[in-house]
Amino acid sequence: VGYSTVDTLVRVGETLLNKNGGYLTNDKLPPFLILDNIPSWELGVVNQMRDLGRVMRDDYTRSQSQSKEDPDVAEGAPKFFYDNNSWVFPTTESEYREGITQFRAYRQRLVAGDPDTVFYARADNLREWLSQVEKRLGSLTRRLGNSVARTRINEDLAGEAAAEASGSQPDTVDVRTSWWKTDNIFFEARGTAWALLHFFRAAEFDFAHVLEDKNAEASVRQIIRELEASLAPLRSPMVLNGSGYGLTANHSLVMANYLARANAAVINLRDLLDQG
């Protein structure tokens, strides 16, 4: 139990660093300097590695809040939070590789049956990770939808009469995404979906008994299906940003649709896990 999740995190990190061209976000010379779509994809992957690493440190490897941290996971997880655009010593790649090495060590101890090495596949632990996923997908869906939205009603304080903010809150907020950033957000969403697809496949295996007990296997399968659909090949030479009902496609809205459906399934899964 736990091997699939740890191994998937390690392999996703290795792919991030060792894919064709290597890690490009911190490259400062042409032609890599102008390849902004790949760094955006890498950012989506890194964010998911950070979220899963944090949950593994705080929840998956601890039985309760007073429990001792696993030494390898406690040392490896913060490495993924290092500046993803550092090109001087230490470089981003070296920090990420150290983090991957620590998770490899934890994986090895897990396989060897070390009594001090544990992975708790519990419903409450899975909910903690799903809460992180829900926030990421919700944010990405909103940012993708802003490719056509110009303003939105400010609902930041809605739902609570006594709620306050540190500054004045306008009635409407300008949210229109710049034309130059549309493709970056799109590929960040693709990187997020790619990493999440692998992490959910691993969770489907490691948390099989929990999902069976909650009758929640179908929810995980639906999430995986939506993430797979979001990663269909892009047949256009560029990310199109047509209006919602115009003559040209809007790839951001298509991606937002798949991620919103996946996010709805994540919310349903959390509700199932909350039930006794």
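Above this note sits the structure.
The present account deals with the structure reproduced in this document. (Residues numbered from 1 in each chain as written. Predicted model: local features only at pLDDT ≥ 70, side-chain atom pairs only at ≥ 80, totals over all residues. Heavy atoms only, no water.)

**A word on helix H6 (residues 182-206)**
In plain terms, the rule: Runs of H or I in DSSP of at least four residues are treated as helices and runs of E of at least two as strands, each being numbered from the N terminus. One less than the residue count of a helix, multiplied by 1.5 Å, gives the span that helix is expected to have. Relative accessibility decides the category of a residue: with a 1.4 Å probe and only protein chains considered, values under 20% of the type maximum give buried, values over 50% give exposed, and everything between is partly exposed.
Between its first and last C-alpha, H6 extends 36 Å over 25 residues, near the 36 Å set by a 1.5 Å rise per residue. Burial of H6 is extensive: 20 of the 25 residues sit out of reach of the surface.

**Focus: the nonpolar core**
Generally speaking, nonpolar side chains in soluble globular proteins are found buried as a group. Convention followed: In these notes, a set of buried Ala, Val, Leu, Ile, Met, Phe, Trp, Tyr and Cys residues joined through side-chain atoms within 4.5 Å is what counts as a nonpolar core. Here a residue-residue contact requires only that any non-hydrogen atoms of the pair lie within 4.5 Å.
Among the nonpolar cores identified, the biggest contains 61 residues, and Met-56, Tyr-60, Phe-103, Trp-129, Phe-200, Leu-227 and Leu-259 are the most heavily contacted of them. Among the elements that line this core, the one with the most residues is H6, at 12 residues. Non-local contacts of Phe-103, meaning those with residues more than four positions away in its chain, are made with Val-6, Leu-9, Val-10, Gly-53, Met-56, Val-73, Gly-76, Ala-77 and Phe-80.

**Topic: the packing of helix H5 (residues 123-145) against helix H9 (residues 251-274)**
Note the threshold: Only the contacting stretch of a helix is used when fitting its axis, a line to C-alpha atoms as for every element, and angles between N-to-C directions run 0 to 180 degrees. Throughout, the term roughly parallel applies to angles under 35 degrees, roughly antiparallel to angles over 145, roughly perpendicular to angles from 65 to 115, and oblique to all others. For any pair of crossing helices, the crossing counts as left-handed if the nearer helix is rotated counterclockwise from the farther one by less than a right angle, and right-handed if it is rotated clockwise. Put simply, Ala, Val, Leu, Ile, Met, Phe, Trp, Tyr, Cys and Pro go in the nonpolar bin, Asp, Glu, Lys and Arg in the charged bin, and everything else, Gly too, in the polar bin.
At a minimum axis distance of 9 Å, the contact between H5 and H9 shows a crossing angle of 155 degrees. Looking at the two axes, H5 sits roughly antiparallel to H9. Here H5 and H9 pass one another in a crossing that is left-handed. Within the contact of H5 with H9, the residues separate by chemical class into 17 nonpolar, 6 polar and 4 charged.

**Notes on the side chain of Gln-48**
For Gln-48, the location among the structural elements is in helix H2 (residues 37-60). Ignoring any residue separated from it by four or fewer positions in sequence, one finds Gln-48 in contact with Val-133, Arg-136, Thr-192, Ala-195, Leu-196 and Phe-199.

**Topic: the packing of aromatic side chains**
Keep this limit in mind: Two aromatic rings, drawn from Phe, Tyr or Trp (for Trp, its six-membered ring), form a pair once their centres lie within 6.5 Å of each other, and the interplanar angle then sorts them: stacked below 30 degrees, edge-to-face above 60, tilted otherwise.
In this structure the tally under the stated criterion is 9 aromatic pairs. An angle of 80 degrees between the planes, with centres 6.0 Å apart, marks the rings of Tyr-23 and Tyr-96 as edge-to-face. Remark: Tyr-96 occurs in helix H4 (residues 92-112) and Tyr-23 occurs in the loop between helix H1 (3-18) and H2; sequence separation between them is 73 residues. The pair formed by Tyr-23 and Tyr-96 is uniform in burial state, with each residue classed as buried. Relative to Phe-103, the ring of Phe-80 lies with its centre 5.7 Å away and its plane at 10 degrees, an arrangement referred to as stacked. Taken together, the residues Phe-80 in the loop between helix H3 (71-76) and H4 and Phe-103 in helix H4 connect sequence positions 23 residues apart.

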